[in-house]
Amino acid sequence: MLLVLLLLLAGTAPAYAYIDGGSAHLIIQGLIAAAVGLVYYIRNPREIWRALKRRWNRDRS
């Protein structure tokens, strides 16, 4: 494991990244969903915790 890490650090080469259109849309949608979820949580933290507690404590039989 250490040898692999050392080889990776020793061998340098330029890296080129490419994100296709479909992946970019998924990333953007994920960022928007995270932002909306964060805003909703900031506005309603008690409601969210109550819903999580209700879900956790419901009968699982």
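How each quantity is defined
Residues numbered from 1 in each chain as written. Predicted model: local features only at pLDDT ≥ 70, side-chain atom pairs only at ≥ 80, totals over all residues. Heavy atoms only, no water. Helix = DSSP H or I, 4+ residues; strand = E, 2+ residues; numbered from the N terminus. Rg over C-alpha atoms; globule rule 2.2 N^0.38 Å. Buried < 20%, exposed > 50% of the residue type's maximum accessible area, 1.4 Å probe, protein only. Areas by Shrake-Rupley, 256 points an atom, 1.4 Å probe, with all protein chains shown as cover. Axes fitted to C-alpha atoms, helices over the stretch in contact; angles between N-to-C directions. Parallel < 35°, antiparallel > 145°, perpendicular 65-115°, else oblique. Contact = heavy atoms within 4.5 Å. Nonpolar A, V, L, I, M, F, W, Y, C, P; charged D, E, K, R; others polar.

1. A short note on the overall build of the protein chain
Assigned secondary structure in the protein chain consists of three helices and zero strands. Order of helices (α) and strands (β) in the protein chain, N terminus to C terminus: α-α-α. In terms of C-alpha radius of gyration, the protein chain reaches 22 Å, well past the compact-globule figure of 10 Å for 61 residues. Counting the 61 residues in the protein chain, one finds 0% classified as buried. If you sum the accessible surface of the protein chain, you get close to 6300 Å²; carbon and sulfur atoms cover 67% of it.

2. Considerations on the packing of helix α2 (residues 21-43) against helix α3 (residues 45-57)
In the contact formed by α2 and α3, the axes pass within 5 Å of each other and the chain directions differ by 100 degrees. Of the possible angle classes, the one that applies to α2 and α3 is roughly perpendicular. Residues Tyr 40, Tyr 41, Ile 42 and Arg 43 of α2 form the contact with α3, whose own contacting residues are Pro 45, Glu 47, Ile 48 and Trp 49. Its residues assigned to classes, the contact of α2 with α3 shows six nonpolar, no polar and two charged.

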